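Secondary and tertiary structure notes
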Amino acid sequence: MKRLLKAILVMMTSQVAVASVGIVRNKLLAVLLGPAGVGFFAQLQVLQGFLQYAATMGMQQGALKYMAVDRARNQDQLPTTVSTASKTFAAFSVLLLAICLPLAKPIASWSLGDASLYLFVIPVIAGVPFLIQTELWQTYLRSGFEMKRYSATMVTTAVVGLPLVVPLVFIWKQAGLAAHLLIVAVIGYIIARLYANRS
C-alpha cells in the first residue's frame, strides 16, 4: 500500500511539473506568435496525438501486460517480448509514414483547414514513430513499477524541450512549431531509452 501511494505521489508531481512547463511554453508562444500561434500549435499537437494512437490502436496496453508478467515470472522471456513489441511498433510506424506522407496535403486540409499548410504537417508525421517508440520504453518502465524513472522521462523531456521552442519560433515562426514537435519527439525517445537502459 505504501509503495502504491508513493507511486501515485510521484505521478501526481510529475504531471504537475509537465503541465507547468506546458503553461510556460504556451505563454512564450502567445508572446511570440499571439493567440493564433498557440491555437495552431494545439492543432498540430492534436494531429500528432491522433496519428500516434491510430498507428498503434492502444497496443501498448497489451505490451504492458506481457512485460509485467515476464518481469514477475519469466525474466528470460522479457528481452524477447520487448524486442517483439519494438519491431511490431516499428512496422506500424513505417506503415504510418508510407500512408501519411504522400497524403500530407489532404491531412493538412482535414486537420488545419488548408491544404497549402502541408509542409507544417510533414514534421508532425515524422515525429510520430519516435513518440511510439518512446511510449514503448515508458511502458517497459511501468511494467516494472519504476514510476520514478517513468515520470522522469516525461519531466526531463518537457524541461529540455522548453528552451528549444523560443529560438525555433523566433527564427521560423509557425514552421518552428512543427520543427519543435519533431525535435521534442526525438529527444523524448532518447531520454526514455536512456532511462530504460538504466533499469
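Taking 1.5 Å per residue as the helical rise, helix 2 (residues 59-73) with its 15 residues ought to reach 21 Å, and the 21 Å between its terminal C-alpha atoms agrees with that figure. Residues of helix 2 that are buried: Gln60, Ala63, Leu64, Met67, Asp70 and Arg71. Projected down its long axis, helix 2 carries its buried residues within an arc of 140°, all on one side. Relative to its buried face, helix 2 has exposed residues pointing more than 90 degrees away, namely Lys65, Tyr66, Ala72 and Arg73. Looking at the buried side of helix 2, the elements it contacts are helix 1 (2-56), helix 3 (78-100) and helix 5 (118-143).

Our focus in this paragraph is a nonpolar patch on the surface. A contiguous nonpolar surface patch, about 460 Å² in accessible area, is contributed by Leu4, Leu5, Ile8, Met12 and Phe145. Judged by relative accessible area, Leu4 falls into the partly exposed class, the value being 43%.

Let us now look at the side chain of Gln133. Residue position: Gln133 is located in helix 5. Here Gln133 falls in the buried class, since its relative accessible area comes to 12%. Setting aside its immediate chain neighbours within four residues, Gln133 contacts Ser86, Phe89, Ala90 and Tyr189.

Right, let's get into the environment of Val159. For Val159, the position within the fold is in helix 6 (residues 147-172). For the pair Val159 and Gly22, spaced 137 residues apart in the sequence, the C-alpha separation amounts to 9.3 Å.

Before going further, it helps to spend a moment on the environment of Lys148. Structurally, the position occupied by Lys148 is in helix 6. It is 10.0 Å that separates the C-alpha atoms of Lys148 and Leu9, two residues lying 139 residues apart in sequence.

Once that is clear, we can look at the side chain of Gln60. Within the secondary structure, Gln60 is located in helix 2. Judged by its relative accessible area of 3%, Gln60 is buried. Looking at Gln60, its side chain comes within polar contact range of the side chain of Thr56, at 3.2 Å. Once you skip the residues sitting within four places of it in the chain, Gln60 turns out to touch Phe89, Ile132, Glu135 and Thr139.

What counts, and where the lines are drawn
Residues numbered from 1 in each chain as written. Predicted model: local features only at pLDDT ≥ 70, side-chain atom pairs only at ≥ 80, totals over all residues. Heavy atoms only, no water. Helix = DSSP H or I, 4+ residues; strand = E, 2+ residues; numbered from the N terminus. Expected span 1.5 Å × (residues − 1). Buried < 20%, exposed > 50% of the residue type's maximum accessible area, 1.4 Å probe, protein only. Arc of directions from axis to C-beta. Contact = heavy atoms within 4.5 Å. Patch = residues over 30% accessible without salt bridge, like charges linked within 9 Å, V, L, I, M, F, W, Y side chains within 5 Å. Areas by Shrake-Rupley, 256 points an atom, 1.4 Å probe, with all protein chains shown as cover. Salt bridge = Lys/Arg side-chain N within 4 Å of Asp/Glu carboxyl O. Polar contact = N/O pair within 3.5 Å; in protein donor to acceptor, adjacent residues only side chain to side chain.

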